[in-house]
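Survey of secondary and tertiary structure
Each chain, written out:
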Amino acid sequence: MTAATPPLVNASVSTPLMSNYGRQQIAFVRGEGCYLVDAEGRRYFDSLAGVAVNALGHSHPGFIAAVREQVGTLVHTSNHFEVPLQTALAAELCQRAGMQQAFLCNSGAESIEAAIKLARKWGYGKGISEPVIIVTEGAFHGRTLGALTATHSATYQEGFGPLPGGFVRVPYNDVDAVAKAASHHAGRVVGVLVEPVQGEGGVNVPAADYLNRLRALCDQHDLLLMLDEVQTGNGRSGRWFAFQLNGITPDILATAKGLGNGFPIGATLAAGKAAGVFQPGHHGSTFGGSPLACRAALAVYEALDKEDLIGNAERQGRYLVDTLRQRLAGNSKVKEVRGLGLLIGIELHKSGKDLVPRARERGLILNVTADKVIRLVPPLTICREEADFVIDTIVQLLQE
Ligand SMILES: *Cc1c(COP(=O)(O)O)cnc(C)c1O
C-alpha cells in the first residue's frame, strides 16, 4: 500500500478557522441575563444580543429547563415522520402572526430561500416561467446564493457570481418605484420582498404606511407581499411581528434570529394565495424543525408571552429612543436617532467603528452597522436601569 499524498500546505494560513469574520479579540465564558462575562469575570452589558438573537437574554431558566429536558428525551428524528412539536410550533407561529402555514428551517437565509422558492412556485402555477422578485436598496437577506442576490451589497456579492437572476432592485421606502417596476416587468413579477425596518442596512425605518401601500399594490397586481422579519420578528418590534403595527397580513413571512434565543431555527410562513403551494418533494431540510429546535422556540414564545417581553420591548424601546433623542439633541456627531421597539439606530455623521472598543472598555458591547449607525438590539428582557446604563455610556462616548 502506498501512503496517501500529504495535502499541500498554504504557508500564508496560520489559523484553523477560515478568516471570513472580522472578530473582536475577546471571548466570553458565560452569560447572565443581559450580561456577558469574560474569563476574568468582567461583565459586559450585551446590547448586541448575538445580533438580535438572544431575545430572552442569557441563561433564561425556562429556556434552559425546556432544552435540557428535550435533549434528554428526543433530539432529532427527521421529516420522514410526524413531529408533534413541529406541528405545535407551526400552530403557535401561525396564531401569533395571523398566518396559515409554516415551514421550519435552521437560519434566516434558509427562511428567505424558502420564501423565494415558494413565490417562484406560486408564479409557476400561474404560468410564469421567468419570475421576478422586486427587492430593495440597502436590503440584507442573508448569504446563501438566492438570499445574497436579494441582498444589496457589492462587498458581500463581489466574486460570487454568477448570481441567480430574477431580482429587480428599487429604492427602499419608495412605493412608486415598486409600482413602476411591477408595470415594467408586468406578467413576470411574482412578489415584493422587503424588511419592515432594514436592520443590517442601518436601522432604516420607512414611512408609517409603507407596508400598507405595498399591500395594496400587491393586491392590485396579484403579487405576493413577502416580508423579511428575520430581525424584526418575534417581539423585537414591540409586536409579535412588525407588520402587525400596520394592520395588514403578508402572503409570505420569513423569520429566524430571536425565534430560538440562540438555538438555530428559522421559519417561513404563508397565508392566502401562498398557502398550500408546497407539496411533498418541493422543498425540505434535514435538520429543519427537529423536536429540539421546536421545543426551544416554543419555550421562547412561552416566555415572551408570560413575561410580557413584547410589551417590555415596546416600552423600553420608546424610552431608549425618546431619551437618546433628548440627550443627544445638539450633539454635532449625531445625525438622527430612530427605531422600532428594541431595534434602535443612532446615525452618526462619520464612521462609528472606533466606538466599539471604547464602549467595551466601559463594559458595553456595542454594534455599529452600515459604518455610521450604532445599532442597539438588546435582549427583550432589558430593564429601565439597564437602558439608563446604555444611554449614559453612549452619551458619554459621543461627548468625548
Ligand atoms: C440576519 C438576517 C438574515 C440572515 O439570517 P442568517 O441566520 O444569518 O442566515 C436575513 N434577513 C435579515 C433581515 C436579517 O437581519
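Please read all numbers here as calculations on a predicted model, not as lab measurements.

**A few points about the overall build of the chain**
Looking only at helices and strands, one finds twelve helices and 15 strands in the chain. Relative to the 2.2 N^0.38 estimate, which gives 21 Å for 400 residues, the radius of gyration of the chain is 22 Å and therefore close to what a compact globule would have. Principal-axis analysis of the C-alpha atoms gives the chain an extent of 70 × 60 × 50 Å. Taken over 400 residues, the chain has a buried fraction of 53%. For the chain, the proportion of contacts with a sequence separation of at least 24, taken over those separated by at least 6, is 71%. Summing over all exposed atoms, the chain offers an accessible surface of approximately 18,500 Å²; the carbon and sulfur share of this is 53%. Distance between charge centres in the chain, computed from 37 positive and 38 negative side chains, equals 3 Å.

**Some words on the environment of Ala 90**
With respect to the helices and strands, the residue Ala 90 is situated in helix H3 (residues 84-97). For Ala 90 and Phe 28, which are 62 residues apart along the polypeptide, the C-alpha to C-alpha distance reads 34 Å.

**Overview of the site of the ligand**
Around the ligand lies a shell formed by Ser 107, Gly 108, Ala 109, Phe 140, His 141, Gly 142, Glu 195, Asp 228, Val 230, Gln 231 and Lys 257. Note that an oxygen atom of the ligand is positioned 2.7 Å from one of the side-chain N or O atoms of Gln 231. The separation between an oxygen atom of the ligand and a polar side-chain atom of Lys 257 is 2.6 Å. Surface burial for the ligand is 81%, taken as the share of its 380 Å² of free accessible area covered by protein chains. For the shell around the ligand, a count of residues per class yields three nonpolar, five polar and three charged.

**Concerning the sheet that holds strand E6 (residues 167-170)**
Taken in spatial order, the seven strands line up as E4-E10-E9-E8-E7-E5-E6 in an open sheet, and their pairing is mixed. Edge positions in the open sheet fall to strand E4 (101-105) and E6, since each of these has one partner strand only. Taken over all neighbouring pairs, the strand axes of this sheet differ in orientation by 20° on average, direction set aside. Both strand E5 (residues 132-136) and strand E7 (residues 189-194) contribute to a ladder of three bridges, which runs parallel. Across the sheet, residue Ile 133 finds its bridge partner in E7, namely Gly 191. Across the sheet, helix H8 (residues 210-221) is in contact with E5, E7 and strand E8 (224-228); its angle to E8 comes to roughly 150°.

**A word on the packing of H3 against helix H9 (residues 291-306)**
Relative to each other, H3 and H9 sit at 35°, their axes nearing to 9 Å. Judged by the twist between their axes, the crossing of H3 over H9 is left-handed. For the pair H3 and H9, the contacting residues are Leu 85, Gln 86, Ala 88, Leu 89, Glu 92, Leu 93 and Arg 96 in the first and Pro 291, Cys 294, Arg 295, Ala 297, Leu 298, Tyr 301 and Asp 305 in the second. Each residue belonging to the contact of H3 with H9 can be placed in one class, and the counts come to nine nonpolar, one polar and four charged.

**With respect to H9**
Here H9 spans 22 Å end to end across 16 residues, near enough to the 22 Å set by a 1.5 Å rise per residue. With twelve of 16 residues buried, H9 lies mostly within the body of the structure. Where H9 is concerned, the buried positions are Pro 291, Leu 292, Ala 293, Cys 294, Ala 296, Ala 297, Leu 298, Ala 299, Val 300, Tyr 301, Ala 303 and Leu 304. Count one or two residues on from H9 and you reach Asp 308, which has phi positive near 50°.

**What about the side chain of Asn 234?**
Relative to the helices and strands, Asn 234 is located in the loop between E8 and strand E9 (252-255). A polar side-chain atom of Asn 234 sits 2.5 Å from a polar atom in the side chain of Tyr 301. Residues within four places of Asn 234 in sequence aside, it is in contact with Trp 240, Phe 241, Thr 255, Ala 256, Gly 258, Leu 259, Tyr 301, Leu 304 and Leu 380.

**Section: the side chain of Thr 151**
Looking at the element boundaries, Thr 151 is found in the loop between helix H5 (145-150) and helix H6 (154-157). The class of Thr 151 is buried, set by a relative accessible area of 1%. Setting aside anything within four residues of it in sequence, one finds Thr 151 in contact with Ala 139, Phe 140, His 141, Gly 142, Tyr 156, Gln 157 and Arg 169.

**Side note on the nonpolar core**
Residues Leu 214, Leu 304, Leu 320, Leu 324, Ile 346, Ile 374 and Ile 394 are the most contacted members of the largest nonpolar core, which totals 86 residues. No other element matches H9, which puts eleven residues into this core. Discounting residues that sit within four places of it in the chain, Leu 304 has contacts with Leu 56, Asn 234, Trp 240, Leu 309, Ile 310 and Leu 380. Counting residues in each nonpolar core, the second largest holds 22 residues, with Ile 112, Ala 115, Trp 122 and Leu 193 among its members.

**Notes on the packing of aromatic side chains**
Applying the stated criterion across every chain, the model contains seven aromatic pairs. Measuring from centroid to centroid gives 5.6 Å for Phe 28 and Tyr 44, while their planes differ by 75°, and the two rings are edge-to-face. Here Phe 28, found in strand E1 (residues 28-32), pairs with Tyr 44, found in strand E3 (residues 43-46); they are 16 residues apart in sequence, far enough to count as distant. On the accessibility criterion, Phe 28 (32% relative accessible area) is partly exposed. Owing to a relative accessible area of 4%, Tyr 44 belongs among the buried residues under this scheme. Consider the rings of Phe 140 and Tyr 156, whose centres lie 5.8 Å apart with planes at 80°: the pair is edge-to-face. You can see Phe 140 sitting in the loop between E5 and H5 and its partner Tyr 156 sitting in helix H6, a full 16 residues away along the chain. Using a relative accessible area of 16% as the deciding quantity, one classes Phe 140 as buried. Owing to a relative accessible area of 28%, Tyr 156 belongs among the partly exposed residues under this scheme. Cation over ring: Arg 143 sits above Tyr 156, and NZ or CZ is 3.8 Å from the ring centre.

Thresholds applied
Residues numbered from 1 in each chain as written. Predicted model: local features only at pLDDT ≥ 70, side-chain atom pairs only at ≥ 80, totals over all residues. Heavy atoms only, no water. Helix = DSSP H or I, 4+ residues; strand = E, 2+ residues; numbered from the N terminus. Rg over C-alpha atoms; globule rule 2.2 N^0.38 Å. Buried < 20%, exposed > 50% of the residue type's maximum accessible area, 1.4 Å probe, protein only. Contact = heavy atoms within 4.5 Å. Areas by Shrake-Rupley, 256 points an atom, 1.4 Å probe, with all protein chains shown as cover. Lys, Arg positive; Asp, Glu negative; His and termini not counted. Charge placed at Lys NZ, Arg CZ, Asp CG, Glu CD. Near = heavy atom within 4 Å. Polar contact = N/O pair within 3.5 Å; in protein donor to acceptor, adjacent residues only side chain to side chain. Nonpolar A, V, L, I, M, F, W, Y, C, P; charged D, E, K, R; others polar. Pairing = 2+ DSSP bridges. Axes fitted to C-alpha atoms, helices over the stretch in contact; angles between N-to-C directions. Left-handed = near helix turned anticlockwise from the far one by under 90°. Expected span 1.5 Å × (residues − 1). Core = buried A, V, L, I, M, F, W, Y, C linked by side-chain atoms within 4.5 Å. Phe/Tyr/Trp six-rings, centres within 6.5 Å; stacked < 30°, edge-to-face > 60°. Lys NZ or Arg CZ within 6 Å of the ring centre and 35° of its normal.

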